[in-house]
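Working through the structure, step by step
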Amino acid sequence: MNAHALRNISLTAVRVETPREAIDTPYLMMDLAIVADRLTQLRSALPNTVILYAVKANPAVEIVGMLARSGVQFDVASRGEIDLCLGLGVPAESLSYGNTVKKERDIAYAVAVGVGRFTVDSPAEMDKVIRCLPSGCVFIRLATDGLGADWPLSQKFGCRPAQAWELMLRAASAGLEVGLSFHVGSQQRDPGAWVKPLAEVGSLMRRFAARGHQVSAVNLGGGLPSRYVEPVPRSHVYGAAIADAVAHHLGPDFDGQLLIEPGRHLVGDAGTIRSEVVLVTERATDSGRRWVYLDIGRFNGLAETLGESIRYRISTERDGGPVGPVVLAGPSCDSADVLYEKCEYQLPLALQAGDRVELHSCGAYTASYSSLGFNGFAPLRCLFLGPPGDRSPAGPPQ
């Protein structure tokens, strides 16, 4: 057992003294040292960029608190995430309300507690912010094609440059600072994916300057990856590609603030889900493959297997022997709870009910996606490797 203590996610950070093997599965084990190391790598790769941790990736108080004490700022998507951060001593000026779909009363609440950065991608959302925000910065989010991402963001977010231009003018006329933002798609495996949206940002900036206005900040969004089945470049490769694109398209005279919103990249590789095989069987309707059912599925932590977009690395206690193709499914009484059927996984032929299985790089979008109790299965528990956290105030904004 690792020398560090295992702890439940809770405000009081209760220690768990039970040996790991005796803890009932499934559960997510987070190693805070890996989160800290990834933060160090990212700061080295993008030294002049403000880091906004995307709280939605994993809102555990241990993680948010540790990052806050390290001077990280935060991208929040709801009033609940605002309250979480404020409750941990994060100053409101360190928060950026990045969700482009917000109730006006939630915008008003955020302004009242001191949040001064908001993101919009539509005229109606801009109207809400203008009515609520007397001063601050409004980011206009551009749409991207998401090419190169395992989880493209479809058409739900972002606007085209022509509409972005109109929103920029409206924000400026209301006396607000203007920023531009975009998101290249989640689990983006192409370091060059930032080039095209930065070219659009640069064009809008120059046009805006010709009107006598300045873009005060550019948010590079999320998309930096974790390591799943397919290999991905390291942080410094992304940093170099992004820095080159910024220099080329924003130019040497840009003196605004650069921001980036890592979520998955900071916490994904720090998490391992420990699970148990519930059943191994063959199906007459699917000859040649075994069906392996785990005690974790799409509804209690593995929502990102939808469309088999995110493909986790898997290991078992039977590794080393002969393997064969499998379909992986979850435990619930729901036909949608199939994890991998098209993407072929090979698992040991000796695998049987009761065996332990580990899914790697599961620190992001697992516990936060877990249902409250579908089919009576409990939400995914989160335990931590690392020194006990404290409730001391967060560090100064980055």
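Residues numbered from 1 in each chain as written. Predicted model: local features only at pLDDT ≥ 70, side-chain atom pairs only at ≥ 80, totals over all residues. Heavy atoms only, no water.

Another aspect to go through is the overall build of the protein. Of regular secondary structure, the protein possesses nine helices and 20 strands. For 398 residues, the compact-globule formula gives about 21 Å, and the C-alpha radius of gyration of the protein, at 22 Å, lands near that figure. Projected onto the principal axes, the alpha-carbon positions of the protein cover approximately 70 × 45 × 35 Å. When each of the 398 residues of the protein is scored for burial, the buried share is 53%. In the protein, the proportion of contacts linking residues at least 24 apart, taken out of those at least 6 apart, comes to 72%. As presented, the protein carries roughly 16800 Å² of accessible surface, and 53% of it is formed by carbon and sulfur atoms. Across the protein, the 38 positively charged side chains and the 42 negatively charged ones have centroids separated by 3 Å. (Helix = DSSP H or I, 4+ residues; strand = E, 2+ residues; numbered from the N terminus. Rg over C-alpha atoms; globule rule 2.2 N^0.38 Å. Buried < 20%, exposed > 50% of the residue type's maximum accessible area, 1.4 Å probe, protein only. Contact = heavy atoms within 4.5 Å. Areas by Shrake-Rupley, 256 points an atom, 1.4 Å probe, with all protein chains shown as cover. Lys, Arg positive; Asp, Glu negative; His and termini not counted. Charge placed at Lys NZ, Arg CZ, Asp CG, Glu CD.)

Bringing the confidence of the model for the protein into the picture now. This prediction gives the protein a mean pLDDT of 91; 92% of its residues lie at or above 70. Note that residues 1–18 has pLDDT below 50 and, in this model, 55 contacts with residues that lie over four places away or in other chains. Below a pLDDT of 50 lies the segment residues 388–398, which in the model reaches 32 contacts outside its immediate sequence neighbourhood of four places, other chains included. (pLDDT = per-residue confidence, 0-100.)

Looking at where Arg207 falls in the secondary structure, it is placed in helix α7 (residues 195–210). Residue class for Arg207 comes out partly exposed when judged on its relative accessible area of 45%. Between the C-alpha atom of Arg207 and that of Trp165, which follows or precedes it by 42 residues, the distance is 8.8 Å.

Turning our attention to helix α3 (residues 79–87). Considered for burial, the residues of α3 that qualify are Glu81, Ile82 and Cys85. Summarising the axial view, the buried residues of α3 lie within an arc of 105°, below the 170-degree limit, and thus occupy one face. Against α2 (61–69), β5 (73–76), β6 (95–97) and α4 (104–113) lie the buried residues of α3. Gly89, located one to two residues past α3, shows a positive phi value of around 85°. (Arc of directions from axis to C-beta.)

Per the stated rule, a full pass over the model turns up nine aromatic pairs. On the numbers, 5.8 Å between centres and 35° between planes, the contact of Tyr97 with Phe118 is tilted. Placement of the pair is Tyr97 in strand β6 and Phe118 in strand β7 (residues 117–120), with a sequence separation of 21 residues. We note Arg207 situated over the ring of Trp165; from NZ or CZ to the ring centre the distance is 4.0 Å. (Phe/Tyr/Trp six-rings, centres within 6.5 Å; stacked < 30°, edge-to-face > 60°. Lys NZ or Arg CZ within 6 Å of the ring centre and 35° of its normal.)

Attention shifts here to the environment of His248. If you trace the backbone, His248 turns up in helix α8 (residues 235–250). Distance in space between the C-alpha atoms of His248 and Leu198 is 8.9 Å, their sequence separation being 50 residues.

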